[in-house]
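The residues making up each chain are set out below.
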Amino acid sequence: MQVALDDYVWAAGIATELVNTAPEVWHGEEHLPDLAAFADLHSLPAPSRPGELRAVHRLRATVRELIDQPDRARLIAGASALTSPAGAVTLATSSGRSRWAVSPQPGATVADTLSLICGVGILGVVQTLGAERFRACGAPTCQGAFIDTTRPGRRLYCMPGLCGNRVNVAKHRARIKRRDA
């Protein structure tokens, strides 16, 4: 598997999805009980070693700490640490176009591969969009966090289809209640 350095949006999306599987986001419910399903969903290598789920949970906490404290120097140092032990940088050529790519080492675990992907996503966003794109969810009852890779940079929710919808429904119900009062 190769992760293109210029495909930071995809990598940042996986980092966002990973951190938002945490129990604190779901009011105590773990949303990453099965690493195989998450790996399959994102075309990652299948988990094959005991303890990989625990390693991914630790990685999730590390990535969340980076998103929660979006200082540029801290993000770069933390993301570089995520990428350094897991992979190698190579020049990849696809469709007649050369670009730098990052490839997990042979035998890398799911946690190693995810670490590499999250590091690339964070570094790409910091370099291209800036540290202000790392945010907490804007929904009042959500503890989620996300990396905003949208063009205008105005994303408010960690999961727009869930958190954004909940906020919009609550606003709609409040308007109806005020109107009927």
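Everything that follows concerns the structure shown earlier in this document.
In this text, all values refer to a predicted model and were calculated from it rather than measured experimentally. (Residues numbered from 1 in each chain as written. Predicted model: local features only at pLDDT ≥ 70, side-chain atom pairs only at ≥ 80, totals over all residues. Heavy atoms only, no water.)

1. Focus: unusual backbone geometry
Working step 1: The residue His 27 is not glycine, and still its phi comes out positive at about 55°.
Working step 2: Assignment of secondary structure puts His 27 in the loop between α1 (8–19) and α2 (35–41).
Working step 3: One non-glycine residue, Ser 43, adopts positive backbone phi at about 55°.
Working step 4: Mapped onto the elements of the fold, Ser 43 is located in the loop between α2 and α3 (52–68). (Helix = DSSP H or I, 4+ residues; strand = E, 2+ residues; numbered from the N terminus.)

2. Structural notes on the packing of helix α4 (residues 72–83) against helix α5 (residues 110–128)
Working step 1: One can describe the packing of α4 onto α5 by two numbers: an axis separation of 7 Å at closest approach and a directional angle of 150°. With respect to each other, α4 and α5 are oriented roughly antiparallel. Our pair here, α4 against α5, has a crossing hand that is left-handed. Facing α4, whose interface residues are Arg 72, Leu 75, Ile 76, Ala 79, Ser 80, Leu 82 and Thr 83, α5 presents Ser 115, Leu 116, Cys 118, Gly 119, Val 120, Ile 122, Leu 123, Val 126 and Gln 127.
Working step 2: When the residues that make up the contact of α4 with α5 are grouped by side-chain class, the tally is 10 nonpolar, five polar and one charged. (Axes fitted to C-alpha atoms, helices over the stretch in contact; angles between N-to-C directions. Parallel < 35°, antiparallel > 145°, perpendicular 65-115°, else oblique. Left-handed = near helix turned anticlockwise from the far one by under 90°. Contact = heavy atoms within 4.5 Å. Nonpolar A, V, L, I, M, F, W, Y, C, P; charged D, E, K, R; others polar.)

3. Points about α5
Working step 1: The first and last C-alpha atoms of α5 sit 27 Å apart over 19 residues, in line with the 27 Å expected at 1.5 Å per residue.
Working step 2: Burial within α5 is extensive, with 15 of its 19 residues counted as buried.
Working step 3: One or two steps after α5, the chain reaches Gly 130, where phi turns positive at roughly 105°. (Expected span 1.5 Å × (residues − 1). Buried < 20%, exposed > 50% of the residue type's maximum accessible area, 1.4 Å probe, protein only.)

4. A short note on the nonpolar core
Working step 1: Among the nonpolar cores identified, the biggest contains 34 residues, and Leu 18, Val 56, Val 63, Leu 114, Ile 122, Phe 134 and Ile 147 are the most heavily contacted of them.
Working step 2: Contributions of two or more residues to this core are made by α1, α2, α3, α4, α5 and β5 (145–147).
Working step 3: Here this core gets 10 residues from one element, more than from any other, and that element is α5.
Working step 4: In contact with Leu 114, other than residues within four places in its own chain, are Ile 14, Leu 18, Phe 38, Leu 44, Val 56 and Leu 59.
Working step 5: With 10 residues, the next largest nonpolar core counts Val 25, Cys 137, Tyr 157 and Cys 158 among its residues. (Core = buried A, V, L, I, M, F, W, Y, C linked by side-chain atoms within 4.5 Å.)

5. Here we look at the environment of Leu 129
Working step 1: You can see Leu 129 is positioned in the loop between α5 and β4 (134–136).
Working step 2: As a C-alpha pair, Leu 129 and Arg 151 span 22 residues in sequence and 9.1 Å in three-dimensional space.
Working step 3: Setting aside residues no more than four positions away along its own chain, Leu 129 makes contact with Tyr 8, Gly 124, Asp 148 and Thr 149.

6. Quick look at the pattern of salt bridges
Working step 1: Taken as a whole and assessed by the stated rule, the structure comprises five salt bridges.
Working step 2: Arg 64 is paired through a salt bridge with Asp 68; the nearest N and O atoms lie 2.9 Å apart. Remark: Asp 68 and Arg 64 occur in helix α3; sequence separation between them is four residues, near one turn of the helix.
Working step 3: With its nearest N and O atoms 3.7 Å apart, the salt bridge here joins Asp 180 to Arg 179. (Salt bridge = Lys/Arg side-chain N within 4 Å of Asp/Glu carboxyl O.)

7. A closer look at the side chain of Glu 52
Working step 1: Within the secondary structure, Glu 52 sits in helix α3.
Working step 2: Side-chain polar atoms of Glu 52 contact the backbone nitrogen of Ser 48, separated by 2.6 Å.
Working step 3: Excluding anything up to four places from it in sequence, Glu 52 contacts Leu 35, Pro 47, Thr 109, Val 110 and Ala 111. (Polar contact = N/O pair within 3.5 Å; in protein donor to acceptor, adjacent residues only side chain to side chain.)

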